[in-house]
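Each chain, written out:
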Amino acid sequence: MGIITTRLPKRSISVTSIVIIVFCLIFIKSNSGINYYRQDVIILDSQMTLDQALVNNSIPASLKNKLDIVGVYYYSFDNKLHRGQVVIRRELGEDIKQIFSEIENSHFPINKVVPISKYNWSDIASMEDNNSSAFNYRTVQNTKLISSHAKGIAIDINPLLNPQIKHGIVSPPAIVYDPSKPGTLTTNSVVVKAFTKRGWQWGGYWQSTKDYQHFEKNIKE
Ligand SMILES: [Zn+2]
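Residues numbered from 1 in each chain as written. Predicted model: local features only at pLDDT ≥ 70, side-chain atom pairs only at ≥ 80, totals over all residues.

Peer 1: Is there a simple way to think about the overall build of the chain in this case?
Peer 2: A tally of helices and strands in the chain yields 6 helices and 11 strands. Within the chain, the proportion of its 221 residues that are buried is 30%. Summarising the internal contacts of the chain: among those between residues at least 6 apart in sequence, 56% fall at separations of at least 24. (Helix = DSSP H or I, 4+ residues; strand = E, 2+ residues; numbered from the N terminus. Buried ≥ 20, exposed ≤ 12 C-beta atoms within 10 Å, placed from the backbone. Contact = placed C-beta atoms within 7 Å.)

Here it is, written out as structure tokens:
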């Protein structure tokens, strides 16, 4: 009897210890990837407040109140982890975070993601810098139509590799859509799948106009 009572506590302590150690190992393993990334050097491409991202444009207050600025992480063409920001309708912020998390895990290169006010609201200047951007209070190029970017429900990715081709006119000019180049969007790319499975349209699937850089998602007003 004495032997049993002295052995039982010993065994229960050792079992408890093993369970704790196993849980610790599982926790460390499941978090090691994240810790590694976050301890890595992160290059800050953009660090603005929402007000700074919306400066110098006559955006109606009713629209401003619906916008949010979302921090995103991505590997650029230098294969280093970068942090940028996306200005988007608040309802789409969670989608953007999840999509960029998938893109980061895949190491698909995104050149940079900086709110377009940095380029003085010039879509052309932003595209020439191969910058990915979302909200821009502007009309559709060469028209008076309100762009889905002006509603905060669209984003363009790596525009210098993924042109818009409308009536044979390529924008940015003289860019050749070449799916073999890294950073180019195709039906098989992680980026296209990450967006479309969350209900976003990809301009690469459109028929009359091809807009390989463009994603948008309609939201209920
Ligand atoms: Zn677009």
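Peer 1: Quick question: what am I supposed to make of the sheet that holds strand 7 (residues 164-166) here?
Peer 2: In any sheet, the strands associate via hydrogen bonds between backbone groups, in a parallel or an antiparallel arrangement. One open sheet accounts for 3 strands, arranged 8-7-10; its pairing is antiparallel. Of all the strands in the sheet, the pair left with one neighbour each is strand 8 (169-171) and strand 10 (210-211). (Pairing = 2+ DSSP bridges.)

Peer 1: Just checking my understanding: could you explain the nonpolar core for this structure?
Peer 2: Side chains of nonpolar character tend, in soluble globular proteins, to be buried together. V86, I88 and I103 are the most contacted members of the largest nonpolar core, which totals 30 residues. At the level of elements, strand 2 (67-75), strand 3 (81-89), helix 4 (93-106), strand 6 (154-156) and helix 6 (190-196) are the ones that each hand at least two residues to this core. (Core = buried A, V, L, I, M, F, W, Y, C linked by C-beta atoms within 7 Å.)

Peer 1: Would you mind going over the sheet that holds strand 1 (residues 43-44) with me for this structure?
Peer 2: Pairing in this open sheet of 3 strands is mixed, and the strands run 1-3-2 from one edge to the other. Edge strands, defined here as strands with exactly one partner in the open sheet, are strand 1 and strand 2. Strands in contact with helix 4 are strand 2 and strand 3; relative to strand 2, the strand with the most contacts, it is inclined by about 5°. (Axes fitted to C-alpha atoms, helices over the stretch in contact; angles between N-to-C directions.)

Peer 1: How should helix 4 be read in this particular structure?
Peer 2: Because an α-helix packs 3.6 residues into every turn, residues spaced three or four apart end up facing the same way. An ideal rise of 1.5 Å per residue puts 20 Å on 14 residues; helix 4 measures up with 20 Å between its terminal C-alpha atoms. Every buried residue of helix 4 is accounted for by D95, I96, I99, F100 and I103. Taken down its axis, helix 4 places every buried residue within 120° of arc, on the same side. Counted as exposed and oriented over 90 degrees from the buried face of helix 4: E94 and Q98. Positive backbone phi, approximately 65°, marks H107, located one or two places after helix 4. (Expected span 1.5 Å × (residues − 1). Arc of directions from axis to C-beta.)

Peer 1: Can you walk me through the pairing of strand 3 in this structure?
Peer 2: Moving residue by residue along a regular strand, the side chains alternate between the two faces of the sheet. Counted residue by residue, strand 3 has 7 buried out of 9 residues, so it is predominantly covered. In the sheet, strand 1 pairs with strand 3 via 2 bridges, with the strands oriented parallel. Residue pairing in the sheet places I43 in a bridge with H82 of strand 3. Pairing geometry for strand 2 and strand 3, over 9 bridges, is antiparallel. Each bridged residue has a counterpart across the sheet, and for I69 the counterpart in strand 3 is V87. Remark: 5 residues form the turn of the hairpin made by strand 2 and strand 3, two consecutive strands paired antiparallel; N79 in that turn has positive phi of roughly 60°.

Peer 1: Would you explain the environment of L50 in this entry?
Peer 2: The topology assignment puts L50 in helix 2 (residues 50-53). Assessed through the 14 C-beta atoms surrounding it within 10 Å, L50 is described here as partly exposed. In this structure, the C-alpha to C-alpha distance between L50 and V86, residues 36 residues apart in sequence, is 9.9 Å. Sequence-distant contacts of L50, that is, excluding residues within four places in its chain, are made with L67, D68 and I69.

Peer 1: Whenever I open this one, the environment of V55 confuses me. Can you help?
Peer 2: One can find V55 in the loop between helix 2 and helix 3 (61-64). Assessed through the 15 C-beta atoms surrounding it within 10 Å, V55 is described here as partly exposed. Each C-alpha atom, one on V55 and one on S117, is 6.7 Å from the other, the two residues being 62 residues apart in sequence.

Peer 1: Would you mind showing me how to read the confidence of the model for the chain here?
Peer 2: Low-pLDDT portions of the prediction should not be read for the details of their coordinates. Scored by pLDDT, the chain comes out at a mean of 87, with 82% of its residues at no less than 70. Low pLDDT, under 50, characterises residues 1-8; the predicted model gives this stretch 0 contacts beyond four residues in sequence or across chains. (pLDDT = per-residue confidence, 0-100.)

Peer 1: Looking at this structure, I do not really get unusual backbone geometry. What am I missing?
Peer 2: For residues besides glycine, phi is generally negative; the peptide bonds are generally trans as well. With omega at 0°, the peptide bond leading from S171 into P172 counts as cis. Along the chain, P172 falls in the loop between strand 8 and helix 6. A positive phi angle, near 65°, is found at H107, a position not held by glycine. Tracing the backbone through its elements, the reader meets H107 in the loop between helix 4 and strand 4 (112-113). The exposure class of H107 is exposed, given the 12 C-beta atoms found within 10 Å. At H167, a residue that is not glycine, the phi angle is positive and equals roughly 50°. When you line up the elements, H167 lands in the loop between strand 7 and strand 8.

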